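Here are the chains, one letter per residue:
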Amino acid sequence: MSGRARETHRRLVLRGAGTLFVLCLALGTVPPVLAGDAPEFRVITHASRPEASVTHEFLADAFLKNVTRWPGDEAIRPVDQRADSAVRRHFSDGVLRRSVQAVKTYWQQRIFSGRGVPPPELESDEAVVHYVEAHPGALGYISGNVPAGKAKVLAVAP
Amino acid sequence: MGRPVLWGAMLAAALCLLPVRRAAAEDSPLTQPPDVHAFVSQGFMLSSKNNYLTHSRRGSFEFTEVGLNLTKSISDDLSVGMQLFMRDLGPIGNYKPQFDWFYLDYHFRDWLGLRAGRTKLPFGLYNDQSDIDSARVPVLLPQSVYPTTQRDFLLAQTGFELYGYEPLPLIGALDYRLYGGTIFIDQTSLAAPGETVSDLDVPYVVGGRLLWRAPAPIDGLTLGGSVQALRFDLDVSLSDELVSAFKQIGRLPPTASNTFKYSIPALLGVGSLEYSAHDLLLAAEYSRWHESYRTRPQIIPDGHLTSTRWYVMGSYHVAPWFSPGAYYSLFYSGVPGPKTRDKYQQDFAVTTRYDITSNWLLKLEGHYMRGTAGLSPGLNSNLPLAELTRDWTVFMAKTTAFF
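Residues numbered from 1 in each chain as written. Chains lettered and ligands numbered in written order. Predicted model: local features only at pLDDT ≥ 70, side-chain atom pairs only at ≥ 80, totals over all residues. Heavy atoms only, no water.

Chemist: Is there a simple way to think about the overall build of chain A in this case?
Modeler: Secondary structure assignment for chain A yields five helices and seven strands. Ordered by position from N to C terminus, the α and β elements of chain A give α-β-β-α-β-β-α-α-β-α-β-β. On chain A, roughly 7,800 Å² of surface is accessible, and the fraction owed to carbon and sulfur atoms is 60%. (Helix = DSSP H or I, 4+ residues; strand = E, 2+ residues; numbered from the N terminus. Areas by Shrake-Rupley, 256 points an atom, 1.4 Å probe, with all protein chains shown as cover.)

Chemist: How do you make sense of the pattern of salt bridges when you look at a structure like this?
Modeler: Pairs can form between side chains of opposite charge whenever their charged atoms are close. By the definition in use, this model includes 28 salt bridges over all chains. Note that glutamate 74 of chain A and arginine 49 of chain A form a salt bridge whose closest N and O atoms lie 2.7 Å from each other. Here glutamate 74 of chain A, found in the loop between helix H2 (56–63) and strand E3 (77–78), pairs with arginine 49 of chain A, found in the loop between strand E1 (41–45) and strand E2 (53–55); they are 25 residues apart in sequence, far enough to count as distant. Using a relative accessible area of 7% as the deciding quantity, one classes arginine 49 of chain A as buried. With a closest N to O distance of 2.9 Å, arginine 115 of chain B and aspartate 105 of chain B form a salt bridge. Residue arginine 115 of chain B is located in strand E5 (residues 112–120), and its partner aspartate 105 of chain B is located in strand E4 (residues 98–109); the two are separated by 10 residues in the primary sequence. On the basis of relative accessibility, which here comes to 4%, the residue arginine 115 of chain B falls in the buried class. Since its relative accessible area comes to 6%, aspartate 105 of chain B is described here as buried. Each of the salt bridges in this network shares a partner with another, and the network as a whole consists of Arg115 of chain A together with Asp128, Glu161 and Arg177 of chain B. (Salt bridge = Lys/Arg side-chain N within 4 Å of Asp/Glu carboxyl O. Buried < 20%, exposed > 50% of the residue type's maximum accessible area, 1.4 Å probe, protein only.)

Chemist: Is there a simple way to think about the nonpolar core in this case?
Modeler: One recurring pattern in soluble globular proteins: nonpolar side chains tend to sit buried together. In this structure, Met45, Tyr52, Tyr126, Phe232 and Tyr311 of chain B are the most contacted members of the largest nonpolar core, which totals 52 residues. In this structure, Val43, Val54, Ala60 and Val103 of chain A belong to the second largest nonpolar core, which totals 24 residues. (Core = buried A, V, L, I, M, F, W, Y, C linked by side-chain atoms within 4.5 Å.)

Chemist: Would you mind going over the pairing of strand E11 (residues 280–296) of chain B with me for this structure?
Modeler: Side-chain positions along a regular strand alternate between the two faces of the sheet. Residues and elements named next belong to chain B. Examined bridge by bridge, strand E10 (residues 259–277) and E11 share 15 bridges and lie antiparallel to one another. Considered in E11, the bridge of serine 272 is made with glutamate 285. Here E10 folds back onto E11, and the loop between the two strands holds two residues, one of which, histidine 278, carries a positive phi near 50°. As paired strands, E11 and strand E12 (residues 303–316) are joined by 14 bridges and run antiparallel to one another. (Pairing = 2+ DSSP bridges.)

Chemist: Sorry if this is basic, but what is going on with the pairing of strand E14 (residues 344–357) of chain B here?
Modeler: Residues and elements named next belong to chain B. Summarising the sheet, strand E13 (residues 322–332) and E14 pair through 11 bridges and their orientation is antiparallel. The residue bridging alanine 326 from the neighbouring strand is valine 350, located in E14. Inspection of the sheet shows E14 paired to strand E15 (residues 360–370) by 11 bridges, in the antiparallel sense. Bridge pairing links phenylalanine 348 to tyrosine 368 in E15. The antiparallel hairpin formed by E14 and E15 contains two residues in its connecting segment.

Chemist: When you look at the interface of chain A and chain B in this model, what are you seeing that I'm missing?
Modeler: Interface size is often expressed as the accessible area that is lost when the parts come together. The interface of chain A with chain B comprises 33 residues on the first partner and 45 residues on the second. When chain A packs against chain B, close to 3,400 Å² is buried across both sides, 49% of that on carbon and sulfur atoms. Taking the shortest distance from any N to any O, the salt bridge between arginine 69 of chain A and aspartate 77 of chain B comes out at 2.2 Å. Our count for the contact surface shared by chain A and chain B stands at 17 residue pairs in polar contact (both at pLDDT 80 or more). (Contact = heavy atoms within 4.5 Å. Buried area = accessible area lost by both parts, 1.4 Å probe. Polar contact = N/O pair within 3.5 Å; in protein donor to acceptor, adjacent residues only side chain to side chain.)

Chemist: What exactly am I supposed to notice about the confidence of the model for chain B here?
Modeler: Any segment with low pLDDT has predicted coordinates that should not be analysed in fine detail. Residue and element names in this part refer to chain B. In this model, chain B carries a mean pLDDT of 90, and residues with pLDDT of at least 70 account for 91%. Below pLDDT 50 for its whole length, residues 19–25 participates in five contacts with residues either more than four positions away or in separate chains. The ipTM assigned to the predicted complex is 0.85, against a pTM of 0.85. (pLDDT = per-residue confidence, 0-100.)

Chemist: I keep staring at unusual backbone geometry and nothing clicks. Help me out?
Modeler: Of all residues except glycine, most have a negative phi; of all peptide bonds, most are trans. Residue alanine 216 of chain B is joined to proline 217 of chain B through a cis peptide bond whose omega torsion reads 10°. Note the cis peptide between arginine 296 of chain B and proline 297 of chain B, where omega equals -5°. Looking at where proline 297 of chain B falls in the secondary structure, it is placed in the loop between E11 and E12. Positive phi, normally seen in glycine, also occurs at lysine 65 of chain A, with a value near 60°. Residue placement: lysine 65 of chain A occurs in the loop between H2 and E3. A relative accessible area of 27% places lysine 65 of chain A in the partly exposed class. Look at asparagine 94 of chain B: it is not a glycine, yet its phi comes out positive at around 50°. You can see asparagine 94 of chain B is positioned in the loop between strand E3 (78–89) and E4.

Chemist: I tried to follow the side chain of lysine 343 of chain B on my own but got confused; where do I start?
Modeler: Residues and elements named next belong to chain B. Within the secondary structure layout, lysine 343 lies in the loop between E13 and E14. Buried and unpaired, lysine 343 has no salt bridge, with aspartate 342 as the nearest side chain of opposite charge at 5.3 Å. A polar contact is formed between the side chain of lysine 343 and the backbone oxygen of proline 338, at a distance of 2.7 Å. The contacts of lysine 343, once residues within four sequence positions are left out, are Phe331, Tyr332, Ser333, Val335, Pro336, Gly337, Pro338 and Ala373. (Lys, Arg positive; Asp, Glu negative; His and termini not counted.)

Chemist: Could you clarify how one ought to interpret the side chain of serine 143 of chain A in this entry?
Modeler: Structurally, serine 143 of chain A can be placed in strand E6 (residues 138–143). Look past the residues within four positions of serine 143 of chain A in its chain and what remains in contact with it is Glu40, Phe41, Arg42, Val87 and Asp125 of chain A.

Chemist: Please explain the sheet that holds E6 of chain A as it appears in this structure.
Modeler: Where strands meet in a sheet, backbone hydrogen bonds hold them as pairs that are either parallel or antiparallel. All names here are of chain A. Taken together, five strands build an open sheet; the order of strands is E2-E7-E1-E6-E3 and the sheet is mixed. With one partner strand each, in any of the chains shown, E2 and E3 form the two edges of the open sheet. H2 rests against E1, E2, E3, E6 and strand E7 (152–157) of the sheet, and its axis sits at about 80° to E2. (Axes fitted to C-alpha atoms, helices over the stretch in contact; angles between N-to-C directions.)

Chemist: Can you walk me through helix H3 (residues 86–96) of chain A in this structure?
Modeler: Each α-helix winds once per 3.6 residues, and so residues spaced three or four apart point in a common direction. Those residues of H3 of chain A not exposed but buried are Val87, Arg88, Phe91, Ser92, Gly94, Val95 and Leu96 of chain A. Positioned one or two residues after H3 of chain A, arginine 97 of chain A has a phi angle of 55°, which is positive.

Chemist: Mind showing me how you'd approach helix H5 (residues 125–134) of chain A here?
Modeler: Turning to H5 of chain A, its buried residues are Asp125, Val128, Val129, Tyr131 and Val132 of chain A. When H5 of chain A is viewed along its axis, its buried side chains cluster within an angular range of 165° and face the same direction. (Arc of directions from axis to C-beta.)

Chemist: What's the story with the packing of aromatic side chains in this structure? I'm lost.
Modeler: Where two aromatic rings form a pair, the distance of their centres and the angle of their planes describe that pair. Taken as a whole and assessed by the stated rule, the structure comprises 22 aromatic pairs over all chains. Ring plane angle 55° and centroid distance 6.4 Å describe the contact between tyrosine 146 of chain B and tyrosine 311 of chain B, whose orientation is recorded as tilted. Of this pair, tyrosine 146 of chain B sits in the loop between E5 and helix H2 (151–154) while tyrosine 311 of chain B sits in strand E12; the two residues are 165 residues apart in sequence, bridging distant segments of the chain. Tyrosine 311 of chain B carries the same exposure label as tyrosine 146 of chain B, and that label is buried. Through pairs of rings, three or more aromatic residues link up here, namely Phe41, Phe63, Phe91 and Tyr141 of chain A. (Phe/Tyr/Trp six-rings, centres within 6.5 Å; stacked < 30°, edge-to-face > 60°.)

Listed below in structure tokens is the structure:
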């Protein structure tokens, strides 16, 4: 192969690799579908919490248990929903930016390497509302059209 | 199993069995039952030419792992845990149970926690998860960086660990761990033909890992590095035949005894890159292991080796029940001289994971290998690695149930 042909070949390979990388990134960062009048989920906490909003990063860190305390030092008690529920899927894609399957894999890593256990999984939106109402420091999410009861709805800042 | 390991486990067990105080608040972590998790894996391996990890040429089921763990929060800050593990992989393990890890964890703040006990070594992205079949797509992690045959040396240390996680405004978060202690190793696992290891000591293992987690919109990107320094001190006894042979060729003086001391200080480093978002996982790691060796009395000249190891890996959750993946992994032993087949191993793997239920999976995996540096002469009729077949393939199937 001549020097010029080799250079052309090298450029083609680099271009192909670059295109593949961008495609992969695009596949991995497809934004969650959050369109529509009603949000697909709402984030709730115990009524005693002073916060009106939380950031995306804080929510993700709290549900992955990288961060375990609210400002002011109260323990965060995150509570999840069933793995096959639509609201879990929306929350996982939208906040954790990982599929439910990827999050399950994350918790398998944590459980069997001794780094922690996942938040409890409750059966329904209503069960999450009851849990959050009863537990100071609790943090959960429910379907957009479900009443939050005495729990406090938090805005989610990007 | 080392006695400290046993004592530590008994302490952890006693803590877990503390009676629940009725005065405790209803929602206190102490009143919650312990978390119990377990897994059972059975694999099969078949290779086209060389025996790999087990007697794989004829097809081998000597590929079993069992783990049972228990963790318990005593308060919001304090928790204990332990995992019992046993495995059989060819000549390794032989179903001998051992405590994989046990710890007492005081989580002072998110940016500072302290663990005492036997903790998994945070080396690279996946070393502390290398036993966990359910936590990844491939059957075998890339063996250049995570050699399963060296699990006893690289998996866990007994001592202390400081750890923390610190979100940084606008620039992501730092995830860090520092540790120091020792490693208890079953010295019988090191025996080789003609020699016996009568004592094995790891006077120290120290190291750390720093990971940077990127902020949105590139959250899911992780960059980091790990270093680890340790030293092995061995008392080795040679057979009379081997000593005679060494004396005849002048390697040993005529008055030399059968025993010698072997010291191996090692410095390991790895740089890591991972992108994990939604269903996609991409990872790449580059590692160099620098090992010195010294024998007294001198049987072989003092020296050192620096091996090079790297891989690139990707996987994708196509559906909740199906995840394919692939990786390319290279190990170069660093032994001086011409680049013969016994000094490197290239591994191109294609793998599929089927989640049959949420607690049961099956994996099928094929490897195309070039080079023999990752093979064991003991499994291959004690032939020199340079005489084994250069190009070979391995097929693996593995099923794991877990909860």
